[in-house]
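# Per-entry structural report
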Amino acid sequence: MWWQKQIQLNARERGFHLVTEEILRQVPELSSLRIGMMNIFIQHTSASLTINENADYTVREDFESFFNKAVPENEPYYKHDYEGSDDMPAHLKSSLLGASLTIPVTNGRLNMGTWQGIYLCEHRNFGTKRKVIITLQGEVDG
């Protein structure tokens, strides 16, 4: 079975946001897969996706601090600055982290580790609603 749809994630301010439950609420079809894969692809160049710690919020704060130091704003060598000082750094951060995730599905659930969650990495100061394509592939129960 193959299945695909577009969902939206709520607009958020800059930072790393746990969105696992927001995604799962919009993909009830997941529960029908006995075994398979879910691919999550964000259709934006200034936000990204990653998987990491889902319990301690300070991990997300540390991610934001690290990326702001590693990819600072207002560098004199940036040529792309039409949309503000946060735009080019957002593109670079997005490329470093990536636009998609592929997660195994077992018995209708994402087969992630106990302390893993899906992050929306919003790299613009004031993000917009983010479009995400969900693709499921696998064997259906029954």
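As a reminder, the structure under discussion sits directly above these lines.
Scope of this entry: the structure provided in the associated data block.

About the thresholds
- Residues numbered from 1 in each chain as written.
- Predicted model: local features only at pLDDT ≥ 70, side-chain atom pairs only at ≥ 80, totals over all residues.
- Heavy atoms only, no water.
- Pairing = 2+ DSSP bridges.
- Helix = DSSP H or I, 4+ residues; strand = E, 2+ residues; numbered from the N terminus.
- Buried < 20%, exposed > 50% of the residue type's maximum accessible area, 1.4 Å probe, protein only.
- Contact = heavy atoms within 4.5 Å.
- Core = buried A, V, L, I, M, F, W, Y, C linked by side-chain atoms within 4.5 Å.

## Structural notes on the sheet that holds strand E1 (residues 2–9)
- Taking strand neighbours across the sheet as the criterion, the 5 strands line up as E1-E8-E3-E5-E6 in an open arrangement whose pairing is antiparallel. With partners counted over all chains shown, the strands left at the sheet margins are E1 and strand E6 (109–110), one partner each.
- Bridge count for E1 against strand E8 (residues 130–140) is 8 bridges, and the pairing is antiparallel. Bridge pairing in E8 links Ile7 to Val132.

## What about the environment of Ala11?
- Counting through the fold element by element, Ala11 comes out in the loop between E1 and strand E2 (13–18).
- By relative accessible area, which is 46% here, Ala11 ends up partly exposed.
- Taking the C-alpha atoms as reference points, Ala11 and Phe126, separated by 115 residues in sequence, lie 7.9 Å from one another.
- In this structure Ala11 touches Gly127, Thr128 and Lys129, once residues within four positions along its chain are discounted.

## Quick look at the nonpolar core
- Within the largest apolar cluster, 23 residues are counted, with the highest numbers of intra-cluster contacts made by Ile23, Met38, Ile40, Leu110, Ile118 and Ile134.
- Listed by contribution, the elements that provide at least two residues to this core are E1, strand E3 (33–42), strand E4 (47–53), strand E5 (100–106), strand E7 (116–126) and E8.
- Contacts of Ile134, omitting those with residues within four sequence positions, involve Trp3, Gln4, Lys5, Ile7, Ile23, Val27, Met38, Asn39 and Ile40.
- Counting residues in hydrophobic clusters, the runner-up holds 5 residues, among them Phe63, Phe67, Tyr119 and Cys121.

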